[in-house]
Amino acid sequence: MAKDTRLEESAEIYKKRKNVPEKQKLKDMTRKEKIQYFNDYYRNKTVIGVIILAALVSILYTVFSAKPETILYAAIINDSLDEDKKNELTSDFAEKAQIDLDSKEIIVDSSFFISDENPRASMASEQKLMVYTSANDIDVIITDEEQFKHYQSQGFFDDLSENLPEDLYSKLGDSFYLVNDTKDDSINAYGIYLDGSKVYKETGSVIEKPVIGILANSENKEYGVKFIRYLLGELD
């Protein structure tokens, strides 16, 4: 016959005690009675308290722990990059640009696909792009000529003559994506062709003539310029 591990209802700890302090109750109990008393009256409360405390600590850690500062967000549109190669590019760029990835974050996001062949996916990508650019989150865009032309006409990109240092700007005469600005009838560079970039090709890029531009509302233009230098093999 299985032994009943619970105390009988008539056990001493269940007898009514008048005006007996908790401390005295525990003092009068045997070790076995104390264990049973704890299990009956406090175990569940203790377990629940521990769970609540653990959840609270987890939430506070998530909210208040230091998050890496995003110093470059590169949006890649309509290009399929190899994930491992993309991660290698990010790490290599960070090393050459002397960026500490423990405190800084570099995002190379190739999830944007905009095409008439897939309207639903295109709409989702367009919405994501609009939200991120409106929030000043995206610093550079790399895409095909058609898409670049579309976004340039909407005023997405900055004139590179205002961002690139003279030594780099003077080397890129044949690589610029040039636009005739009707406002003052001047020809300005808003993008750079990356078809000659060995670094970018090694990511598995499928775009024949990718173009990169720095967004006009980017808050990290300095790192955008460094990224361009890196892709062009000018960052050692």
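Note: the structure precedes this text.
Residues numbered from 1 in each chain as written. Predicted model: local features only at pLDDT ≥ 70, side-chain atom pairs only at ≥ 80, totals over all residues. Heavy atoms only, no water.

1. Looking at the overall build of the protein chain
In step 1: If you tally the helices and strands in the protein chain, you get nine helices and six strands.
In step 2: When the 236 residues of the protein chain are sorted by exposure, 37% land in the buried category.
In step 3: A separation of at least 24 residues holds for 66% of the contacts in the protein chain among residues at least 6 apart in sequence.
In step 4: As displayed, the protein chain has an accessible area near 15300 Å², and 51% of this comes from carbon and sulfur atoms. (Helix = DSSP H or I, 4+ residues; strand = E, 2+ residues; numbered from the N terminus. Buried < 20%, exposed > 50% of the residue type's maximum accessible area, 1.4 Å probe, protein only. Contact = heavy atoms within 4.5 Å. Areas by Shrake-Rupley, 256 points an atom, 1.4 Å probe, with all protein chains shown as cover.)

2. Points about the sheet that holds strand S6 (residues 211–214)
In step 1: Spatial strand order, S2-S1-S3-S6-S5-S4: six strands in an open sheet with mixed pairing. Both edges of this open sheet fall to strand S2 (104–112) and strand S4 (176–181), since each of them pairs with a single strand only. Strand-to-strand, the axes of this sheet are offset by a mean angle of 30°, without reference to chain direction.
In step 2: For strand S1 (residues 69–77) and S2, the ladder comprises seven bridges, and the chain directions are parallel. Residue pairing across strands places Ile-77 opposite Phe-112, the latter belonging to S2.
In step 3: Packed onto the sheet, helix H4 (residues 83–96) meets S1 and S2 and runs at close to 150° relative to S2.
In step 4: Packed onto the sheet, helix H9 (residues 221–231) meets S1, strand S3 (140–143), strand S5 (186–193) and S6 and runs at close to 160° relative to S6. (Pairing = 2+ DSSP bridges. Axes fitted to C-alpha atoms, helices over the stretch in contact; angles between N-to-C directions.)

3. Some remarks on unusual backbone geometry
In step 1: Backbone geometry at Asn-78 places phi at a positive 65°, although glycine is not the residue there.
In step 2: Tracing the chain through its elements places Asn-78 in the loop between S1 and H4.
In step 3: Exposure remark for Asn-78: the relative accessible area of 19% places this residue in the buried category.

4. Looking at the pairing of S4
In step 1: As paired strands, S4 and S5 are joined by six bridges and run antiparallel to one another. By the bridge assignment, Leu-178 is partnered in S5 with Ala-189.
In step 2: Where S4 folds back on S5, the antiparallel hairpin that results is connected by four residues, among which Asp-185 adopts a positive phi of roughly 55°.

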